[in-house]
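Next come the chains, spelled out residue by residue.
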Amino acid sequence: MDFSLTSIALLYCCVLILCLPAFAAEITPNSSKIQGQNSNSGMGQFESERRQMVEYQIRHRGIKDERVLAAMYQVPRHQFVDSPWKDFAYSDRPLPIGHQQTISQPYIVAYMSETAEISTDAKVLEIGTGCGYQAAILGELAKQVYSIEIIPELAERARQTLAQLGYENIEVKTGDGYQGWAEHAPYDAIIVTAAPEKIPQPLIDQLATNGKLVIPVGTWYQDIIVLTKTEDRIIKEKTIPVRFVPMRRKLLQW
Ligand code: SAH
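Note that the coordinates shown come from a computational prediction; the quantities given were computed from them, not determined experimentally.

Asker: Can you help me understand the pairing of strand β8 (residues 222-229) in this one?
Answerer: Moving residue by residue along a regular strand, the side chains alternate between the two faces of the sheet. In terms of residue burial, β8 counts as a mostly covered element, since seven of its eight residues are buried. Bridge count for strand β7 (residues 207-218) against β8 is seven bridges, and the pairing is antiparallel. Paired with Leu-213 across the strands is Leu-227, a residue of β8. Joining the antiparallel neighbours β7 and β8 is a turn of three residues. Between β8 and strand β9 (residues 234-242), which pair antiparallel in sequence order, lie four residues.

Asker: Looking at this model, I keep getting lost on the confidence of the model for the chain. Mind explaining?
Answerer: If pLDDT is low for a region, its predicted coordinates should not be looked at in detail. Per-residue pLDDT for the chain averages 87, and the proportion of residues at 70 or more is 82%. Overall, residues 8-30 carries pLDDT values under 50, and its contacts beyond four positions in sequence, including any with other chains, amount to 17 contacts. Confidence drops under pLDDT 50 across residues 36-41; counting only partners more than four residues distant or on other chains, this segment forms eleven contacts.

Asker: How should the pattern of salt bridges be read in this particular structure?
Answerer: Here the idea is simple: oppositely charged side chains can pair when their charged atoms come close. Under the criterion given, the structure shown has seven salt bridges. The closest approach of N and O atoms between Arg-59 and Glu-55, which form a salt bridge, is 2.9 Å. Across the pair, exposure class does not vary: Arg-59 and Glu-55 are buried alike. Asp-223 is paired through a salt bridge with Lys-238; the nearest N and O atoms lie 3.8 Å apart. Here Asp-223 is found in strand β8, whereas its partner Lys-238 is found in strand β9, with 15 residues between them in sequence. Salt bridges sharing partners connect three or more residues here, namely Glu-55, Arg-59 and Glu-66.

What counts and what doesn't
Residues numbered from 1 in each chain as written. Predicted model: local features only at pLDDT ≥ 70, side-chain atom pairs only at ≥ 80, totals over all residues. Heavy atoms only, no water. Buried < 20%, exposed > 50% of the residue type's maximum accessible area, 1.4 Å probe, protein only. Helix = DSSP H or I, 4+ residues; strand = E, 2+ residues; numbered from the N terminus. Pairing = 2+ DSSP bridges. pLDDT = per-residue confidence, 0-100. Contact = heavy atoms within 4.5 Å. Salt bridge = Lys/Arg side-chain N within 4 Å of Asp/Glu carboxyl O.

Right under this line is the structure:
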C-alpha cells in the first residue's frame with residue numbers, strides 16, 4: 001500500500017482528536033467531597049497545570065488507582081500555599097508552608113494515598129496536617145478524616161482553608177500526633193507526614209485489623225514503611241526512600 005506523508009499525518013490527527021475526550025474524561029471525577037463546588041474552590045484556575053501534574057508526575061510514574069488520580073486532579077493545590085508559591089503549586093517539588101515546614105511533592109502525596117488503600121467508607125487518621133493538602137486528598141477518598149498538627153498556627157490555617165473549600169468530612173486538631181487520636185480509633189488507614197525515628201506504638205495500636213499505616217521512618221535518611229495489621233501479626237515493608245521533616249514532640253516550644 002502506498003501511504004503519502006499527508007495521509008499519514010491526517011490519520012494521526014484523527015486518532016488524536018478521537019482520543020482527547022476520553023483522556024479528559026478519565027481524570028475528571030464527578031463526585032468531589034467539596035461542598036458547593038465552583039463557588040470558592042477556584043477549580044477553573046490552574047486546571048491545565050493540574051491535569052499535567054496528574055498525567056506526567058503521577059500517572060507516568062506508576063500510580064494506577066483512578067480514585068487517587070481523580071482526587072489529585074480535584075483538589076486545588078494552589079489554594080493551600082501562600083501567594084508567592086501559587087505559580088509553583090503544580091511543579092514537581094515540595095513547597096514551603098511557613099514555620100519551616102513543607103508540603104510534600106505531589107507524587108509522594110499520591111504514592112502514600114494509593115499505598116494506604118483507602119476505601120470510600122474508610123476512617124483515616126493523618127499525622128502532620130501542615131497546610132491541609134494531604135488531608136483534602138484523603139477527604140476526597142475516605143468517608144471521614146481526622147488530622148493532627150503540632151503547630152497551632154498551621155492547624156488553624158488548615159482548618160480555615162479546608163472550610164473555605166467546603167470539606168465537611170475532615171476534622172483537624174492541634175496536638176502531638178505521636179500519641180494518635182484514641183477517641184476515634186480504630187482507623188482503616190493512618191498516614192504520617194512527619195518522620196519519627198521509629199514507628200510510634202500508639203499508632204499501631206489504633207490501626208484497625210487489615211488496616212495500613214504508611215509512615216516515613218528514620219533521621220536524615222528515611223524510608224516509607226508500610227505496616228499492615230492482620231488478625232495475628234504485623235507485617236512491615238520498606239518501600240521508597242524519602243525526605244520528610246522530623247516528627248516533633250510536644251515538649252518542643254514554638
Ligand atoms: N501533610 C502536610 C505536610 C506535612 S509537613 C501537608 O499536606 O501540607 C509535616 C507536618 O507535620 C508539619 O506541619 C509539622 O508541624 C507536623 N508535625 C511534626 N511533628 C508532629 C507531631 N508530633 N504531631 C503532629 N504534627 C507534627
